[in-house]
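The chain contents come next:
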Amino acid sequence: MTTAPLPPVAPEVTATLVEALSPRLRKRLDAAVAKLGARPTHRDGETVTIAVDDETELRLHAPGGAVVSVDAIRCGCLLAPACVHRAAAACAAPAAEPAPAPAAEPEPAPHPGRDDPDALSVLPPETASPAERAAAEALWSAGAAVLEAGVDGAGAVAQAALLRAAHTARLRSLPRPAGAALSVVTLLRAARAGDPSYRTADLVAALAELLGTAHRVGRTSGPELAAVRGRARRPYRPDGSLRLYGLFTEPVVTDSGHGGVRTWVAGPDGRLWSVGDVAPGGVGRALGVADRAVRLGDSALTHRELGRAGLAVSGATVSPDGRLGAGKGVKAVSARGAAWTEPPLAALWETPPPRQVVRALRSASRDADPDGAGDLLFLDVELLGAVRESAGTCLLARCEGGVRVRLAVADDDPALAHRDNLMLLASAPGTRLRIIGRLVPALHPRLTLLACAHPIGQGTVDLGFDRLRRADLPVPGARVHPAPHEPEGSGGQAPLHLLERRVEQAVPAGRAALGMLGDVSAESHRLRRAGLPTAAGLLTALCASAARRARDPFGRLLPADADGFALHWLSAARYASAVSESLCVAAWETG
């Protein structure tokens, strides 16, 4: 049995095929998706073939890597093209990232201050058009239906409604809410398929983003409306000549079986870029690609060499999120690098940790201006020793201001060096290190450790690839701290989890899961005692909305108010997220 992956399918193609099904076939769609997912597949050039049964084949033609028309999915069964197989194949395939829709030509407007000197004071802020409002309302309705049904009830038909709404929103120049809808569909499919990489918290965040942006389109104006609309993903753009200084290289291994590396570099102004090479292959490919030449011009540097050297690039192309392109016009030659203690790299460690944390948290926002640094933190720390946690052992360190931060393993795969290196560093309390890590939002300072300066001053260490030895550690005895064993629990901290768990609980099982809870006054009272009266009110209102069912004059239950429940859920989710971020920043300020 072959396992060629299905090509991505454009959202509008999936939606059109599902909408064309009869009510009887729609009821069979989820079962057909599951059945097709277990059938053998074969790729031949731009076409992927699925063996529906021993006599019938279904073909997906994907010129350019994606299925972009309804006719590109063909089935050989007797009922085709009105069969369920074509829609099932589209629903089983990943959703394709749509190309940016062409912007509509705006009507010419008078130039403020030139055509009308008084316009600067009287011109009203821009508001959403009727078409934008209608698209946002469709997104809201589709998202509210998913929340009402929960993961278990949000099958292929509900997903198709989201895909149709996303396509319409993209055509109406609403790329941010449209992108959120695609994320929800992707996560719903992962949850229903039992993907081990799926996390309920990710779907909570995606649903909150979808409902939040859709709700705000018709209620904002001016710059806030522009942020809610978002910006379409732009292609790589020319960026002239760049002088780059290598920082470090990290392995990239995904649950989908992809593997590779990402090498981080910085420019003279401290802005960060990355050069990646990720493809199917898992951890074995990650280990091999690290010592292959970087795909950037005609450079002969490997990824690990670039992480410590420099590069001069002409004709550079850069994506909005800071990825360097490898187009035909790009030329690159090796140049001198810089130590982490030398300009321009040393400046990365001069920003106070709390400010770095705020920047890292904001980088996750869809309307944030990318600065390349993303969620990376640059810290000078003193190692204190190992700390036992329920998920394993991490390394405790002290950074600026006496704040204690937990340094966790970035990847536990034994083929990578992360775990062994962290445990060896934990045996050297008192060691002072300059480190690079990735922020883990939590109620205590925490990050995953990616790279560090060599403990005895011999360059830098890519902690996923380079294996430290006992001889690489400082001679013991200078400053030794006993390895602390600090509790991991949340004693003394605000019980925000009482609200967060109810917000999360609604996503897998839908509104009914909260409607059956009954009295939550004890949880609300605990939140009020902890100084969180708003959280208490939101929890009470959320659960009451979930349980509320009106009746008609004959005593029959009316349909639940999905919109009202979605609004209460959104308020609780956004509040919990905002407070959680504030507590995370506060933890880095006070330790």
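For the structure itself, look to the data block above.
Residues numbered from 1 in each chain as written. Predicted model: local features only at pLDDT ≥ 70, side-chain atom pairs only at ≥ 80, totals over all residues. Heavy atoms only, no water.

K.L.:
Summarise the sheet that holds strand β2 (residues 47-51); cite the residues concerned and give the values.
P.N.:
Spatially, the four strands line up as an open sheet ordered β1-β2-β3-β4, and their pairing is antiparallel. Sheet topology places β1 (41-44) and β4 (73-75) at the edges, where each strand pairs with a single neighbour. Strand-to-strand twist in this sheet, taken as the mean axis angle between neighbours without regard to direction, amounts to 20°. Bridge analysis of strand β3 (residues 57-61) against β4 gives three bridges, and the strand direction is antiparallel. Paired with Arg59 across the bridge in β4 is Arg74. (Pairing = 2+ DSSP bridges. Helix = DSSP H or I, 4+ residues; strand = E, 2+ residues; numbered from the N terminus. Axes fitted to C-alpha atoms, helices over the stretch in contact; angles between N-to-C directions.)

K.L.:
Explain the sheet that holds strand β8 (residues 272-280) to me, using residue names and the numbers behind them.
P.N.:
Across a sheet, paired strands are connected by hydrogen bonds in the backbone, their directions being either parallel or antiparallel. Read from one edge of the open sheet, five strands run β8-β7-β6-β9-β11, paired in antiparallel fashion. Looking at the sheet topology across the chains shown, the edges are occupied by β8 and β11 (331-335). With direction set aside, neighbouring strand axes in the sheet form an average angle of 35°. Helix-sheet contacts for helix α10 (residues 282-289) involve β6 (242-253), β7 (258-266) and β8, and the interaxial angle to β7 is about 40°. (Contact = heavy atoms within 4.5 Å.)

K.L.:
Kindly report on the nonpolar core, identifying the contributing residues and their values.
P.N.:
With 65 residues, the main nonpolar core has Leu147, Leu203, Leu207 and Trp569 as its most contacted residues. Counting only elements with at least two residues in this core, the list comes to α5 (130-153), α6 (156-171), α7 (175-192), α8 (200-217), α9 (222-229), α14 (497-509), α17 (533-547) and α18 (562-590). Sort the elements by how many residues they give to this core and α7 lands first, with ten residues. If we skip the residues at most four places from it in the chain, Leu207 touches Gly143, Val146, Leu147, Val184, Val507 and Trp569. (Core = buried A, V, L, I, M, F, W, Y, C linked by side-chain atoms within 4.5 Å. Buried < 20%, exposed > 50% of the residue type's maximum accessible area, 1.4 Å probe, protein only.)

K.L.:
Explain empty space enclosed by the protein to me, using residue names and the numbers behind them.
P.N.:
Here the structure, examined in full by the defined rule, presents one cavity of 30 Å³ or more. Along the walls of the largest cavity sit Ala408, Val409, Ala410, His418, Asn421, Leu422, Leu425, Leu449 and Leu463, which together make up its complete lining. Listed by contribution, the elements that provide at least two residues to the lining of the largest cavity are β14 (404-409) and α13 (418-426). No other element matches α13, which puts four residues into the lining of the largest cavity. For the lining of the largest cavity, the residue count by class is seven nonpolar, two polar and no charged. (1 Å grid on protein atoms, 1.4 Å probe; cavity = no way out; pocket = protein on both sides within 12 Å on 5 of 7 lines; lining within 4 Å. Points joined across faces, edges and corners; volume = space filled by probe spheres on them. Nonpolar A, V, L, I, M, F, W, Y, C, P; charged D, E, K, R; others polar.)

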